[in-house]
Amino acid sequence: MKATQLYAPTLRESPAEAELISHKLMFRAGFIRKAAGGIYSYLPLGWRTMKKIMQIIREEMDSAGGQEIMMPIVQPAEIWQESGRWAVYGPEMMRLKDRHGREFALGPTHEEMITTLIRDEVKSYKQLPLLLYQIQNKYRDERRPRFGLMRSREFVMKDLYSFDKDVDGMNISYQKMYDAYDRIFKRCGLKFRPVEADNGAIGGGHSHEFTALASSGESSIAYCENCDFAASDEKAELKIIKSAPEELKPLEKVQTPACHTIELVKNFLNVPIEKTIKAVAFMDDDERLILAFVRGDHDVNEIKVMNCVEGANHLYMAEEKLINAAGSCAGFMSPIGISDAIIIVDATVMEMYNAVAGANEIDAHFINVTPKRDFNAEKIIVADIRMVQEGDPCPKCGKPLKMTRGIEVGQVFTLGKKYSEALNAKFLDEDGKERFFEMGCYGIGVGRTMAAAIEQNNDADGIIWNKNIAPFEVVVVPVNAKDDKQLAYAEEIYNELAKSGVDVLLDDRKERAGVKFKDCDLIGYPLRVTISPKTLESGNVEVKIRRSGEFMNFARAEVVKNILELLKTL
Ligand code: ATP
Ligand code: MG
């Protein structure tokens, strides 16, 4: 391809609202343009990289036994009503009506669509396993669409769904996808970790998130340097921390004027924070009050709390009137003497002795609280509900955990029979008995993968692509394209490279050399071949490696061979 025929508008300034470097650079390098909040057009360079990522995904999905299909974006409400998710999906789902008033959604995901497709078609265990995927736009009306392609409202996703006859089969499909994801993100050149994840709204069995490590990432992950443990902070299952046993003192109520935070009460009573019990009050859609208690120095993990409450799909901060109606007051809550609430106590709290907790009345706390003695065991749920923190003991090996941030680029789930049961999708097994499919689902955000690659690979001058996903692998730049000799020389090398299968661009624009070099660095082609008057004189061709900034000189006859070798290393 020649640059004079390429639509690649580069810019000096980034959009005012862009916070992330990937967003700024994709805009400046002419990869994307915004149409509305979270909705983008991809320009030729951006789409080339997207297509390369999609090609890698296709190859790996196909080699893992996947078959590509294409399902509708516009999905009838009925299938979502049947699964029960029309009501629970909430405002993130983009809904519309046709001219007859019938309701539809723009697909945020496709479990309903594929399950209803399969249930009417696949009748026998002999047709299983079946792994079907598509690469398509998804729609989610995200609360805060920000960060360019990282969290958009319309985005390209690869989603594969597996159908198996039993749990063993499902686990094999899961492992195939896990391994394929590992290969995909390696081929994209990402630094990533598969981390144990919560299943979120999709529900079901086990799950991993493939997380690209980046300080700008929205996910927080806990990992162990000593063993292979890695989990999202939402999921990390934690060990109970035991306190040293103490002689039990009698429970006592004390006045704590205006001490409605842990910080205030600990200072007022002069106790270490690990000796305090903190409360967080939630409510669900049915306005049930849910009180969660953790040690003062710990934080409540909302997802773990929600998983303890049957039938809860969302949690909100509780309204004060609910807390008061249950016989307590905000800032002074405890499980002692409260009745009308679902009370969930972190397992570590149950190991405390002589601690401080609210007295369920304004300006008062209990001291010498020993949960095992003072909490009514029949009225509380004891569970691991705290948020992981740096230094927590690794649940696998006990060594202190580290925390890092990352970008979820893909996720694999086992769904079990969740959707096949809800949507009545059955097949006949070997014994002629009807059974529900065992399913799995597996997503990759294509645009988010491109953005994550930029987050990990950039410098002050621009993007630094891995050659597998670069819009072009090599750019050939005659410094002065008005000079016919230079241009002809460059064209010759360009043709040879193209013939050898290199994805190459000839920058034949009649711009100043400085402008072209700046663009090359901004766009981030892995290799730049420069043709200058010196090249014509000496017969030596200069090659610049974008990542290291290194320059090399190759004899004319060796250029193509050496570039092919160099590309293998990038
Ligand atoms: P998140 O937690 O970041 O909102 P999710 O867990 O809801 O994502 P999945 O349903 O697992 O997302 O979707 C599969 C993949 O699609 C994600 O791993 C991510 O790469 C991508 N993705 C999800 N939401 C968006 C979005 N709003 N913009 C761009 N990519 C997205
Ligand atoms: Mg996810």
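Residues numbered from 1 in each chain as written. Chains lettered and ligands numbered in written order. Predicted model: local features only at pLDDT ≥ 70, side-chain atom pairs only at ≥ 80, totals over all residues. Heavy atoms only, no water.

It is worth spelling out the pairing of strand S11 (residues 219–223) at this point. Most of S11 is tucked away: five of the five residues are buried. Across the two faces of S11 the burial is the same, with Ser219, Ile221 and Tyr223 and Ser220 and Ala222 all buried. In this structure, S11 lies alongside strand S21 (residues 402–416), joined through five bridges in antiparallel fashion. For Ser220, the partnering residue across the bridge sits in S21 and is Arg405. Where S11 and strand S12 (residues 230–232) come together, three bridges link them in antiparallel fashion. (Buried < 20%, exposed > 50% of the residue type's maximum accessible area, 1.4 Å probe, protein only. Helix = DSSP H or I, 4+ residues; strand = E, 2+ residues; numbered from the N terminus. Pairing = 2+ DSSP bridges.)

Time to look at the sheet that holds strand S16 (residues 316–317). The strand order across the open sheet built from five strands is S16-S14-S15-S17-S20, with neighbouring strands paired in mixed fashion. Since the sheet does not close on itself, it has two edges, and those belong to S16 and strand S20 (380–383), each with one partner. Relative to strand S17 (residues 342–346), strand S15 (residues 289–295) runs parallel, the two being bridged by four bridges. Each bridged residue has a counterpart across the sheet, and for Ile290 the counterpart in S17 is Ile342.

With that settled, consider the coordination of the magnesium ion (ligand 2). Surrounding the magnesium ion (ligand 2) are the protein donor atoms Glu408 (OE) and Gln411 (OE1), at 1.9 to 2.3 Å. For Glu408, a relative accessible area of 25% corresponds to the partly exposed category. A residue is classified by how much of its surface remains accessible, and Gln411, at 10% relative accessible area, is buried. (Donors = N, O, S within 2.8 Å, 3.2 Å for Na, K, Ca; no water.)

Take the environment of Ile469 next. With respect to the secondary-structure elements, Ile469 resides in the loop between strand S26 (462–463) and strand S27 (474–478). Among the residues examined, Ile469 registers a relative accessible area of 0% and is labelled buried. For the pair Ile469 and Ile172, spaced 297 residues apart in sequence, the C-alpha separation works out to 29 Å. For Ile469, the contacting residues outside a window of four places in its chain are Thr49, Lys52, Ile53, Ile56, Cys188 and Ala453. (Contact = heavy atoms within 4.5 Å.)

Take the side chain of Asp521 next. Counting through the fold element by element, Asp521 comes out in helix H14 (residues 513–523). According to the relative accessible area criterion, Asp521 is buried, its value standing at 13%. When sequence neighbours within four positions are dropped, the list of residues in contact with Asp521 reads Asp461, Gly462, Ile463, Lys544 and Arg546.

Ranked by size, the top nonpolar core spans 61 residues in total, and within it Phe31 and Tyr181 carry the most contacts. Here Tyr181 is in contact with Met61, Lys158, Phe210, Gly410, Gln411, Val412, Tyr442, Gly443 and Ile444, once residues within four sequence places are set aside. (Core = buried A, V, L, I, M, F, W, Y, C linked by side-chain atoms within 4.5 Å.)

Taken together, the three strands give an open sheet; going across it, the order is S13-S19-S18, and neighbouring strands pair in antiparallel fashion. Two strands bound the open sheet, and with one partner strand each, they are strand S13 (252–255) and strand S18 (355–358). If you compare each strand with its neighbour and ignore which way they point, the axes differ by 35° on average. One ladder, built from four bridges, connects S13 with strand S19 (residues 364–369); its direction is antiparallel. For Val254, the partnering residue across the bridge sits in S19 and is His365. (Axes fitted to C-alpha atoms, helices over the stretch in contact; angles between N-to-C directions.)

Moving on, we get to the pattern of salt bridges. Enumeration over the complete set of coordinates arrives at 45 salt bridges. Two residues, Glu351 and Lys372, come together in a salt bridge whose shortest N-O distance is 3.4 Å. Separated by 21 residues along the polypeptide, Glu351 in the loop between S17 and S18 and Lys372 in helix H10 (residues 371–374) bring together distant segments of the chain. Looking at Lys372, the relative accessible area reads 57%, which means it is exposed. Shared partners join several salt bridges into a network, and the residues in it are Glu59, Glu60, Arg183 and Arg187. (Salt bridge = Lys/Arg side-chain N within 4 Å of Asp/Glu carboxyl O.)

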